Amino acid sequence: MSANTPVAELSESDAKAELARLAEEIAAHDARYHGEDAPAISDADYDALRVRNRELEERFPNLVRPDSPSKKVGASASSRFPKIRHAVPMLSLDNAFSDEDVEDFIARIRRFLRWPEGDPLAFTAEPKIDGLSLALRYEKGKLVHAVTRGDGTVGEDVTANARTLSDIPVKLQTKTPPDVFEVRGEVYLGKADFAALNAQMEAEGKQAYVNPRNTAAGSLRQLDSTVTASRPLRFFAYAWGEVSALPTDTQMGVVKQLSDWGFTTNEMMGRSEDAAGLIARYRAIEESRPGLDYDIDGVVYKVDSLALQKRLGFVSRSPRWAIAHKFPAEMATTILRDIEIQVGRTGALSPVARLEPVTVGGVVVSNATLHNEDYIVGIGSDGTPIRDGKDLRAGDTVRVYRAGDVIPKVIDVDLGKRPKGSKPYDFPTVCPACGSDAVREIDLKTGRADSVRRCTGGLVCPAQAVERLKHFVSRNAFDIDGFGEKQAEAFYEWGLVKTPADLFTLEERDRGSLTRLKNRDGYGETSAANLFAGIEARRQISLSRFIFALGIRHIGEGNAKLLARHYGAIDALIAAMDVAGEEESEAFKDLIAADGIGKTAARVLVTFFSEPHNREVTDALLSKVTVEEAEQVAGDSPVTGKIVVFTGTLEQMTREEAKAMAERLGCKVSGSVSARTDILVAGEKAGSKLKKAAELGVTTMSEAEWLELVSGS
Ligand code: IVH
């Protein structure tokens, strides 16, 4: 029997086994889709699994399992929602974990704005709701779209479901509605409603839900909106996206307006003018937390003045003008069963704790990161203690928490409960996946060993190759429909896809192959065709995704976007890397002048492109895919796409602010003048750069002229 054997041909015992397999597999996909927002298979394949499950149950009604996917209302997403692009991206918030972080946040803002000492600067403080964010677009006062956050750029259209929430008005309560107003806020499930829902599930012999947040997310993404309507979801409005006009000029004022339009806003929102005031509000909200009927996980502070918010702008994916002050994480005690090593895409050997499952903050945790060798080992082989070391051993009683409420970590060990005869953990010095030596590089400057032990196997290490593939197809990289982590492992093992470029020859090779994909386990005619279509759809790719997909150390999504914007085209990037070998070279200076690219990232990037095997992989890929030129931001400013250098003392804004503003308008801000520079903005006491610009014939202007030029943007 295989996963493709027609239902009509299955014996009863085969059917029983198949139903068990389907229940497990569908539940796993549901968990990924609902819980982690990261589906591993295409919609079509997912649907095929559910259809097969239904057909089997129809043929063998006596075999219907108590945990059958057909019985779970919470996971009946049998298809997915249309995608909608956010007119204004939905960003996340930076976190503060201590009072000191809050003071730093305020100091940073004052510095950025050059706000005179002693002058008041107001902030709002409000609870951070633990739900999921939703954007509601109103045109002429009528609700036209409700879109989930998704990846921040593109979300899912859940309009029909959102209409069922009583906290979401379908019409704004005003006679003079704005042309466009996108209200943003948090959908959540109250604690009492969650408990009642679970009581009902239990009474019906069904499995209970894990926590209110995931249940709210699952409930909002039901295909059948009558199911959403049956769940008492609620909504707090606290922000906005695209708007044709703002009703007032403060955060507080707009939230008041939202309330007047018929939204529920949080009554604990208040204003303060310094860190002490904000922290006092934080303590008060923290104290009220247990008595609230909804989960909150911190307090959000925002600069109250919208004009200042605009000046402050954004860094990468979060606003400079807001921060989330998180509540301390919940802890739990459990047993460390074992320590295992995972090999990552850059060869890093990462130790993972296998734990006796335990609930932490409403989520069952059975694995936790152990960071690196020093974190676990505690005592060096020569008997000397090692930095950070906890001397963790299998069998230990440990305390765990979820860092930033997400990643489980081991915080400490209870030595009093250590079993007799336990042995210190020996960190492997060879790669468990390929047997190559695993070493800790020595930093030539400091003479210290790197905290990470890395496999030296490079291309021969299968674990690294598979991890690189997984990264390559991941959501913010090539994001290939129907090819997730599971497929990366299977196709690698089958020998079908060893490097990223192999994906793009898969269909062609499959045509000439004796073992066609459609005949392999888990595949059929349709799913194979769907996979090929999914790959084909990605033959053209944005520059930033392409750069990110290469999986270069230190080049995450943010840096990939910066590089895309800075170089514009893949050829330009590679050509620049070829001549950036020397740190004194113009090309290297230009690279680190790309705001945000640090020296370490720059060096790693140059090294990456100088290694022949990386070039082979990249070239092979480039011969199969088309990389789009990078989009310019804010297309209609007169300075969009220009390379700008600021020099001298600026009077009306700080250098940092000037840079941020220029970038918002789509400029590339560089630190040095070259023939490529378009504009030099020279403040007071400008020196050598001004001279060089004059020599090169670069357009030069004063700060006032610059502000005049961009004033309309
Ligand atoms: S303001 C530009 N205010 O927290 C940032 N967010 O970690 C706009 N959240 O995605 C967000 N309560 O889903 C804001 N009172 C609140 C919030 C809040 C919860 C969520 C929101 C956001 C996430 C960021």
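Bear in mind that the values here come from a model prediction, so they are computed numbers and not experimental data.

Colleague: Would you explain the overall build of the protein chain in this entry?
Modeller: Looking only at helices and strands, one finds 25 helices and 26 strands in the protein chain. Over its C-alpha trace the protein chain gives a radius of gyration of 28 Å, about what one expects of a compact globule, namely 27 Å for 713 residues. At a minimum sequence separation of 6, the contacts of the protein chain that also span at least 24 residues come to 68%. Total accessible area on the protein chain is roughly 33800 Å²; 51% of this is exposed by carbon and sulfur atoms. Positive and negative side-chain charges of the protein chain, numbering 92 and 107 respectively, have mean locations separated by a distance of 0 Å.

Colleague: Could you clarify how one ought to interpret the sheet that holds strand β26 (residues 699-702) in this entry?
Modeller: The strands making up a sheet are joined through hydrogen bonds of the backbone, oriented either antiparallel or parallel. Pairing in this open sheet of 4 strands is parallel, and the strands run β24-β23-β25-β26 from one edge to the other. The strands lining the two open edges of the sheet, one partner per strand, are β24 (668-670) and β26. When strand polarity is set aside, the average angle formed by the axes of neighbouring strands in this sheet is 30°.

Colleague: Explain the site of the ligand here, please?
Modeller: In the vicinity of the ligand, 14 residues are found, and the nearest of them are Glu-126, Ile-129, Glu-186, Tyr-238 and Lys-302. Contact between the ligand and Glu-126: a nitrogen atom at 3.1 Å from a side-chain N or O atom of the residue. Within the side chain of Ser-133, a nitrogen or oxygen atom sits 3.2 Å from an oxygen atom of the ligand. Starting from 530 Å² of accessible surface for the ligand in isolation, the protein chains cover 86%.

Colleague: Help me understand the packing of helix α20 (residues 586-593) against helix α21 (residues 599-610), please; the structure alone is not making it clear to me.
Modeller: With their axes 9 Å apart at the nearest point, α20 and α21 run at an angle of 130° to one another. With respect to their mutual orientation, α20 and α21 come out oblique. The element α20 and its partner α21 pack so that their crossing is right-handed. When α20 is examined against α21, the residues Phe-588, Leu-591 and Ile-592 are found in contact with a partner set consisting of Lys-599, Ala-602, Arg-603, Leu-605 and Val-606. Among the residues making up the contact of α20 with α21, the classes are represented as 6 nonpolar, no polar and 2 charged.

Colleague: Explain the state of the cysteines to me, please; I cannot follow it from the model alone.
Modeller: Here is the idea: a disulfide is a covalent bond, and it sits between the sulfur atoms of two cysteines. A complete count under the given rule lists 0 disulfides for this structure. Cys-434 forms no disulfide, and the closest cysteine sulfur to it belongs to Cys-455, at a distance of 3.6 Å. Given a relative accessible area of 26%, Cys-434 falls into the partly exposed group. Among the residues examined, Cys-455 registers a relative accessible area of 7% and is labelled buried.

Colleague: So what exactly am I meant to see when it comes to the sheet that holds strand β10 (residues 296-303) here?
Modeller: The strand order across the open sheet formed by 5 strands is β2-β13-β10-β3-β9, and the pairing between neighbours is mixed. Pairing within the sheet leaves two strands with one partner each, and these edge strands are β2 (95-96) and β9 (270-272). For strand β3 (residues 123-129) and β9, the ladder comprises 3 bridges, and the chain directions are antiparallel. Among the inter-strand pairings, Ala-125 is bridged to a residue of β9, identified as Gly-270.

Colleague: Please clarify how the confidence of the model for the protein chain should be interpreted in this entry.
Modeller: Interpretation of this model should avoid reading the predicted coordinates in detail wherever pLDDT is low. Summary statistics for the protein chain give a mean pLDDT of 88 and a share of 93% for residues scoring 70 or more. Contacts for the low-pLDDT stretch residues 73-79, under 50 throughout, to residues beyond four places or in other chains number 24 contacts.

Colleague: Would you mind showing me how to read the pattern of salt bridges here?
Modeller: Two side chains with opposite charge may pair up if their charged atoms get near one another. Within this structure, the stated rule accounts for 37 salt bridges. Note that Glu-156 and Arg-221 form a salt bridge whose closest N and O atoms lie 2.9 Å from each other. Residue Glu-156 is found in strand β6 (residues 154-156), and its partner Arg-221 is found in the loop between α6 (212-220) and α7 (225-230); the two are separated by 65 residues along the sequence. Accessibility assignment for this pair places Glu-156 and Arg-221 in one class, buried. For the salt bridge of Arg-184 with Glu-182, the shortest nitrogen-to-oxygen distance reads 2.7 Å.

Colleague: I tried to follow the packing of aromatic side chains on my own but got confused; where do I start?
Modeller: Within this structure, the stated rule accounts for 18 aromatic pairs. Measuring from centroid to centroid gives 5.3 Å for Tyr-282 and Phe-327, while their planes differ by 45°, and the two rings are tilted. Remark: Phe-327 occurs in the loop between β13 (322-326) and β14 (331-343) and Tyr-282 occurs in helix α9 (residues 275-288); sequence separation between them is 45 residues. Neither residue differs from the other here; Tyr-282 and Phe-327 are each classed as buried. Aromatic pair Phe-491 and Tyr-523: ring centres 5.9 Å apart, planes at 90°, arrangement edge-to-face. Of this pair, Phe-491 sits in helix α13 (residues 485-493) while Tyr-523 sits in the loop between α15 (506-511) and α16 (525-536), placing them 32 residues apart in sequence. Considered together, Phe-491 and Tyr-523 belong to a single accessibility category, that of buried residues. Through a chain of ring-to-ring contacts, three or more aromatic side chains come together here, namely Phe-472, Phe-478, Phe-504 and Phe-546.

Colleague: Sorry, what's going on with helix α22 (residues 612-622) here?
Modeller: The periodicity of an α-helix, 3.6 residues per turn, causes residues three or four places apart in sequence to face the same way. Residues Asn-614, Arg-615, Thr-618 and Leu-621 constitute the buried set of α22. The arc that holds every buried residue of α22, seen down its axis, measures 130°, which confines them to one face. Residues of α22 that are exposed and angled more than 90 degrees away from the buried face: Pro-612 and Glu-616. Along its buried surface, α22 packs onto α12 (462-473), α14 (500-503), α17 (543-549), α19 (570-578) and α21.

Procedures and definitions
- Residues numbered from 1 in each chain as written.
- Predicted model: local features only at pLDDT ≥ 70, side-chain atom pairs only at ≥ 80, totals over all residues.
- Heavy atoms only, no water.
- Helix = DSSP H or I, 4+ residues; strand = E, 2+ residues; numbered from the N terminus.
- Rg over C-alpha atoms; globule rule 2.2 N^0.38 Å.
- Contact = heavy atoms within 4.5 Å.
- Areas by Shrake-Rupley, 256 points an atom, 1.4 Å probe, with all protein chains shown as cover.
- Lys, Arg positive; Asp, Glu negative; His and termini not counted.
- Charge placed at Lys NZ, Arg CZ, Asp CG, Glu CD.
- Pairing = 2+ DSSP bridges.
- Axes fitted to C-alpha atoms, helices over the stretch in contact; angles between N-to-C directions.
- Near = heavy atom within 4 Å.
- Polar contact = N/O pair within 3.5 Å; in protein donor to acceptor, adjacent residues only side chain to side chain.
- Parallel < 35°, antiparallel > 145°, perpendicular 65-115°, else oblique.
- Left-handed = near helix turned anticlockwise from the far one by under 90°.
- Nonpolar A, V, L, I, M, F, W, Y, C, P; charged D, E, K, R; others polar.
- Disulfide = S-S within 2.5 Å.
- Buried < 20%, exposed > 50% of the residue type's maximum accessible area, 1.4 Å probe, protein only.
- pLDDT = per-residue confidence, 0-100.
- Salt bridge = Lys/Arg side-chain N within 4 Å of Asp/Glu carboxyl O.
- Phe/Tyr/Trp six-rings, centres within 6.5 Å; stacked < 30°, edge-to-face > 60°.
- Arc of directions from axis to C-beta.

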